[in-house]
Amino acid sequence: MECSEFQEAYDLAQRLHSTYPVNARRLQEFVRLSVLVRKYEDIVEYVKTYEALENPDAPTQRAVIAALLVAAKAVADRGDRVLSRAVLKKAAQISLRTEILRAEAFRYFLEA
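Just so it is clear, the model here is predicted, and its values are computed rather than measured.

### A look at the overall build of the protein
Counting secondary structure elements, the protein contains six helices and zero strands. The order of helices and strands in the protein, counted from the N terminus, is α-α-α-α-α-α. Here the protein, with 112 residues, has 41% of them falling under the buried criterion. At a minimum sequence separation of 6, the contacts of the protein that also span at least 24 residues come to 64%. Roughly 7100 Å² of accessible area belongs to the protein as shown, and the carbon and sulfur atoms make up 54% of that amount.

Below, the structure is given as structure tokens:
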């Protein structure tokens, strides 16, 4: 896909998220699109959606954690270390196994 196609898909995902309930599989795609088009602020909203899921599966958990890690790095690169730490803390809270957090996140994006 070209960048413009990712942007179009992202715009559609935003409309779907605001209009319809989001299931775990769709949420994975939404967070991936947010990372691809560098809309890191939307990931916070998707975390709220993730936390509202009754029984999120492992792939969805990995997708959200991976997106949070990428967002934390982007925020840190912009110079906001406090927000970056908060985002990393949220990723750690979601992950029950923080020692493998980084490996799982990178594996998720490599498989995509």
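Let us keep going from here.
### Looking at the confidence of the model for the protein
Per-residue pLDDT for the protein averages 82, and the proportion of residues at 70 or more is 82%. The least confident element of the protein, judged by mean pLDDT, is helix α6 (residues 101-111) at 56; the most confident is helix α2 (residues 24-36) at 91.

### Here we look at α2
For α2, with 13 residues, the first-to-last C-alpha span of 19 Å sits near the 18 Å given by 1.5 Å per residue. Where α2 is concerned, the buried positions are Ala24, Leu27, Gln28, Phe30, Val31, Arg32, Leu33, Ser34 and Val35. One side-chain oxygen of the residue at the start of α2 lies 3.3 Å from the amide nitrogen of Arg25, identifying that residue as Asn23. After α2 finishes, the residue Arg38 shows a positive phi value of roughly 60 degrees.

### Examining the packing of helix α4 (residues 58-77) against helix α5 (residues 81-94)
Look at α4 against α5: their axes get within 8 Å of each other, and the N-to-C directions meet at 165 degrees. Of the possible angle classes, the one that applies to α4 and α5 is roughly antiparallel. Here α4 and α5 pass one another in a crossing that is left-handed. Contact residues: Gln61, Val64, Ile65, Leu68, Leu69, Ala71, Ala72, Val75 and Ala76 in α4; Arg81, Leu83, Ser84, Val87, Leu88, Lys90, Ala91 and Ile94 in α5. Each residue belonging to the contact of α4 with α5 can be placed in one class, and the counts come to 13 nonpolar, two polar and two charged.

### Brief notes about the environment of Ile94
Relative to the elements of secondary structure, Ile94 occurs in helix α5. A C-alpha to C-alpha distance of 9.5 Å links Ile94 and Tyr50, two positions 44 residues apart in sequence. Those residues within four positions of Ile94 in sequence are excluded, and the remaining contacts are Val47, Tyr50, Gln61, Val64, Ile65 and Leu68.

### Quick word on the packing of aromatic side chains
All told, the structure shown has one aromatic pair when counted by the stated rule. When the centroid spacing of 5.8 Å and the interplanar angle of 40 degrees are considered together, the rings of Phe30 and Tyr46 count as tilted. Here Phe30 is found in helix α2, whereas its partner Tyr46 is found in helix α3 (residues 41-52), with 16 residues between them in sequence. The class for Phe30 is buried, based on a relative accessible area of 4%. The buried category is assigned to Tyr46, whose relative accessible area is 1%.

Rules used in this analysis
- Residues numbered from 1 in each chain as written.
- Predicted model: local features only at pLDDT ≥ 70, side-chain atom pairs only at ≥ 80, totals over all residues.
- Heavy atoms only, no water.
- Helix = DSSP H or I, 4+ residues; strand = E, 2+ residues; numbered from the N terminus.
- Buried < 20%, exposed > 50% of the residue type's maximum accessible area, 1.4 Å probe, protein only.
- Contact = heavy atoms within 4.5 Å.
- Areas by Shrake-Rupley, 256 points an atom, 1.4 Å probe, with all protein chains shown as cover.
- pLDDT = per-residue confidence, 0-100.
- Expected span 1.5 Å × (residues − 1).
- Polar contact = N/O pair within 3.5 Å; in protein donor to acceptor, adjacent residues only side chain to side chain.
- Axes fitted to C-alpha atoms, helices over the stretch in contact; angles between N-to-C directions.
- Parallel < 35°, antiparallel > 145°, perpendicular 65-115°, else oblique.
- Left-handed = near helix turned anticlockwise from the far one by under 90°.
- Nonpolar A, V, L, I, M, F, W, Y, C, P; charged D, E, K, R; others polar.
- Phe/Tyr/Trp six-rings, centres within 6.5 Å; stacked < 30°, edge-to-face > 60°.

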